[in-house]
Amino acid sequence: MSEISIEHVTKRFGTVVALDDINLDIEHGELFFLLGPSGCGKTTLLRVLAGFYTPDVGHILNAGKDITSKPTHKRQAGMVFQNYALWPHMTVAENVAFGLRQKKLPRQLIEERLIAALESVRMEQYANRKPNELSGGQQQRVALARALAVRPRYLLLDEPLSNLDAQLRNEMRMEIRRICKENQLTTVYVTHDQKEGLSIADRIAVFSRGRVEQVGTPIDIYKRPTSRFVAHFIGESNFLEGTVIAEDGSFWTVSTSLGTILGVQSDDPTPLHPGDHVFLSIRPEAIRLRGEYIDRNAFEGGLIGISYFGEVAHYDFSCNGVNLKVSELNPRHLEISMATPSIANIRPEDVLVLVR
Ligand code: ATP
């Protein structure tokens, strides 16, 4: 049985359909991400899970029990928001213990849970400080400790790292994963930052306009997107329109303006036929510029632009009138003259044939 089941949930605000027939199962102890562009419905779903909104249609189950109409304070959900919402006049300890005091738990138990929560976010030594005496990352930890202290059945995080600088974000996201896994907490994490999702999620649901576009592990979502929307939203990609020519073993040959290309169909179950109009998605890092023909997909062309970023270079490569974005770690093509032709080599398994 799943820890959280979202069944046919629809939520409208006037004429806006914020959630359109959402179905998701989230397992016990899973770190599950809701990822998507602004306005796609992520926060609305989190608020439905928190009990702030009641869906117009559908049900929310927690460990098999219908909690759709259960008020927030009876749901045993821990929540952390973008702005942390710590009480400025209370110390760290008072903030973290607040929910426990509300529940009127015995003093000894409050003390034990307070210490355990502060230890789990490594903030024991800051117990007597006020929030304004803490860094952004430390305040974030206190907000997490406060959510953990009440021993929630599940944790809801809404863009919890958006106020932190890039380095602190990197550290804190690994910390969040550690805390969730150590406490075996089912966690639903909302963000529009794909790196946050790819680096720590167990699974990701990619949202678009109130609907789930795809659910999968970070590798599924990045390597095997089932639509142009997902391939475009997660990472960068070159897209080519084409027409299916034939099946060739485990590959499909597709006619495009770049030339005939061999590719694989993504996990989309739509059957392919010769003559079908399709889109090819090729990641920039899957294209290797070499002086020779190596892969079954190999096209001669020339560099028309180079952007150097130290560990990586981004090239613009022109071939048969098509511009391809190419990226290379530990760049070696920088000295190549723009006039020297190169061959863009692409493995067929790195070319995704998409129907939509
Ligand atoms: P962001 O990343 O910008 O926070 P989001 O994916 O979380 O976006 P939601 O906040 O869930 O998106 O909003 C989904 C849609 O519902 C948007 O079109 C939004 O304008 C609309 N919406 C959200 N809350 C309300 C509300 N209380 N009243 C009216 N419309 C709302």
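Structure: see above.
Below is a short write-up of the structure. (Residues numbered from 1 in each chain as written. Predicted model: local features only at pLDDT ≥ 70, side-chain atom pairs only at ≥ 80, totals over all residues. Heavy atoms only, no water.)

Examining the packing of aromatic side chains
- Per the stated rule, a full pass over the model turns up 4 aromatic pairs.
- Judged by centre distance (4.4 Å) and plane angle (45°), the ring pair of W87 and F98 falls under tilted. Residue W87 is found in the loop between β6 (77-80) and α2 (92-102), and its partner F98 is found in helix α2; the two are separated by 11 residues along the sequence.
- The exposure class assigned to W87 is partly exposed, which follows from its relative accessible area of 31%.
- Residue classification places F98 among the partly exposed positions, given a relative accessible area of 28%.
- Ring geometry for F229 and F233: centres 6.0 Å apart, planes at 5°, overall stacked. Taken together, the residues span about one helical turn, with F229 and F233 both in helix α8 (residues 228-233) at a distance of 4 residues. (Phe/Tyr/Trp six-rings, centres within 6.5 Å; stacked < 30°, edge-to-face > 60°. Helix = DSSP H or I, 4+ residues; strand = E, 2+ residues; numbered from the N terminus. Buried < 20%, exposed > 50% of the residue type's maximum accessible area, 1.4 Å probe, protein only.)

Here's the deal with the site of the ligand
- In the vicinity of the ligand, the residues found are F13, V16, A18, P37, S38, G39, C40, G41, K42, T43, T44 and Y53.
- One of the backbone nitrogen or oxygen atoms of C40 is found 3.0 Å away from an oxygen atom of the ligand.
- At 2.6 Å from an oxygen atom of the ligand is found a side-chain nitrogen or oxygen belonging to T43.
- For the ligand, whose accessible area on its own is 630 Å², the fraction buried by protein is 61%.
- Only β2 (16-26) and α1 (42-50) provide two or more residues apiece to the shell around the ligand.
- In terms of residues, the shell around the ligand owes the most to one element, α1, which gives 3 residues.
- Among the residues forming the shell around the ligand, the class breakdown is 6 nonpolar, 5 polar and 1 charged. (Near = heavy atom within 4 Å. Polar contact = N/O pair within 3.5 Å; in protein donor to acceptor, adjacent residues only side chain to side chain. Areas by Shrake-Rupley, 256 points an atom, 1.4 Å probe, with all protein chains shown as cover. Nonpolar A, V, L, I, M, F, W, Y, C, P; charged D, E, K, R; others polar.)

Some points on the nonpolar core
- If you look at the biggest cluster of nonpolar residues, it comprises 45 residues, and the most contacted ones within it are V96, L118, L144 and Y189.
- Secondary structure elements with two or more residues in this core: β3 (31-35), α2, α3 (107-120), α4 (136-149), β7 (154-158), α5 (166-182), β9 (203-208) and α8.
- Once residues within four sequence positions are removed from consideration, L118 is found in contact with V92, V96, M123, E124, A127 and A145.
- V278, Y315, V326 and A344 belong to the second largest nonpolar core, which has 25 residues in total. (Core = buried A, V, L, I, M, F, W, Y, C linked by side-chain atoms within 4.5 Å. Contact = heavy atoms within 4.5 Å.)

Notes on the pattern of salt bridges
- Per the counting criterion, the structure on display carries 14 salt bridges.
- R356 serves as the salt-bridge partner of E213, at 3.4 Å between the closest nitrogen and oxygen. Separated by 143 residues along the polypeptide, E213 in strand β10 (residues 211-216) and R356 in the segment after β20 (351-354) bring together distant segments of the chain.
- The exposure class of E213 is partly exposed, given its relative accessible area of 21%.
- Judged by relative accessible area, which is 40%, R356 ranks as partly exposed.
- Between K325 and E236 there is a salt bridge, with its nearest N and O atoms 3.0 Å apart. Linking K325 in strand β18 (residues 322-329) with E236 in the loop between α8 and β11 (238-248), this pair joins segments that are 89 residues apart in sequence. (Salt bridge = Lys/Arg side-chain N within 4 Å of Asp/Glu carboxyl O.)

A few points about the sheet that holds β20
- Read around the closed barrel, 5 strands run β11-β12-β13-β20-β14, paired in mixed fashion. Each adjacent strand pair in this sheet contributes to an overall mean axis angle of 55°, direction not counted. (Pairing = 2+ DSSP bridges. Axes fitted to C-alpha atoms, helices over the stretch in contact; angles between N-to-C directions.)

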